[in-house]
Amino acid sequence: MLPPALILIRDVTREAPVTTMIRGLLATTALLLAAACGGDDSPESVGATARATLAMPNGHAVGQVILTQTATGVLISAEVVGLTPGAHGFHIHGVGACSPDFTAAGSHFAPDGKPHGYLAEGGPHAGDLPNLHAGEDGSARAEYFTAAVTLDSGPDHSLFDDDGSAFIVHADPDDYRDVASAGARIACGVIERG
Ligand SMILES: [Cu+2]
């Protein structure tokens, strides 16, 4: 039997992105659970990477996102330049397309039908991520970890489902409640393997 505390921690990793600060704890928990459960739900693509080049509506590239599949989720590393200083909504959207305009990326990636926002009851969307914060020079660099998506093909929460997925950077901060709070789509990048 597993101690109840471990089951609780594992449930949290299924629901929401977590900070890199507790990645070590989660990895340790996952190893314990894998040992206890036989490890039968480990992703097939551990170590696989994917990336997205973020571009503005005029096609000018302003950033790069790199995704790495781990045993317990996906590590996301983003670098963006040319932003207005401050917070910007940053999400995975449900369609891997940025043309003819960024509405092609669809709404937030949300295969489980949960509502948008970390602060919303029953949320967040699988594609919700914490805001990207740009400094005075307009550059932003962030790392995220989420167990809500996978690079494996097949599962419901795969970023490589039939229509793919894309990153969108928004003009305004996400208030983590209102799906419209982040405003206009200012950069977009289709997620591709590699
Ligand atoms: Cu968005």
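Scroll up to find the structure this text is about.
Residues numbered from 1 in each chain as written. Predicted model: local features only at pLDDT ≥ 70, side-chain atom pairs only at ≥ 80, totals over all residues.

**Q** Just give me the short version of the overall build of the protein, but keep the residues and values in it.
**A** Tallying secondary structure elements over the protein gives 2 helices and 10 strands in all. Order of helices (α) and strands (β) in the protein, N terminus to C terminus: α-α-β-β-β-β-β-β-β-β-β-β. For the protein, the residues scored as buried account for 37% of the 194 residues in total. Relative to all contacts within the protein whose residues are 6 or more apart in sequence, the contacts with residues 24 or more apart total 59%. (Helix = DSSP H or I, 4+ residues; strand = E, 2+ residues; numbered from the N terminus. Buried ≥ 20, exposed ≤ 12 C-beta atoms within 10 Å, placed from the backbone. Contact = placed C-beta atoms within 7 Å.)

**Q** An account of the nonpolar core is requested, with residue identities and associated values reported.
**A** Counting residues in hydrophobic clusters, the biggest one holds 39 residues, and the most contacted among them are Leu54, Val80, Ala166, Phe167, Val169, Cys188 and Ile191. Taken together, the elements giving at least two residues each to this core come down to β1 (49-55), β2 (61-69), β3 (74-80), β5 (90-93), β6 (132-134), β7 (140-146), β8 (166-170) and β9 (185-190). Excluding its chain neighbours within four sequence positions, the residues that come into contact with Cys188 are Leu54, Ala55, Cys98, Phe102, Ala105, Ala166 and Ile168. (Core = buried A, V, L, I, M, F, W, Y, C linked by C-beta atoms within 7 Å.)

**Q** Let's hear about unusual backbone geometry: which residues, and what values?
**A** The phi angle of most residues is negative, glycine excepted, and most peptide bonds adopt the trans form. Residue Pro100 follows Ser99 across a cis peptide bond; omega there is 10°. The residue Tyr176 is not glycine, and still its phi comes out positive at about 65°. Its location among the elements puts Tyr176 in the loop between β8 and β9. Overall, Tyr176 belongs to the partly exposed group, with 18 C-beta atoms counted inside 10 Å.

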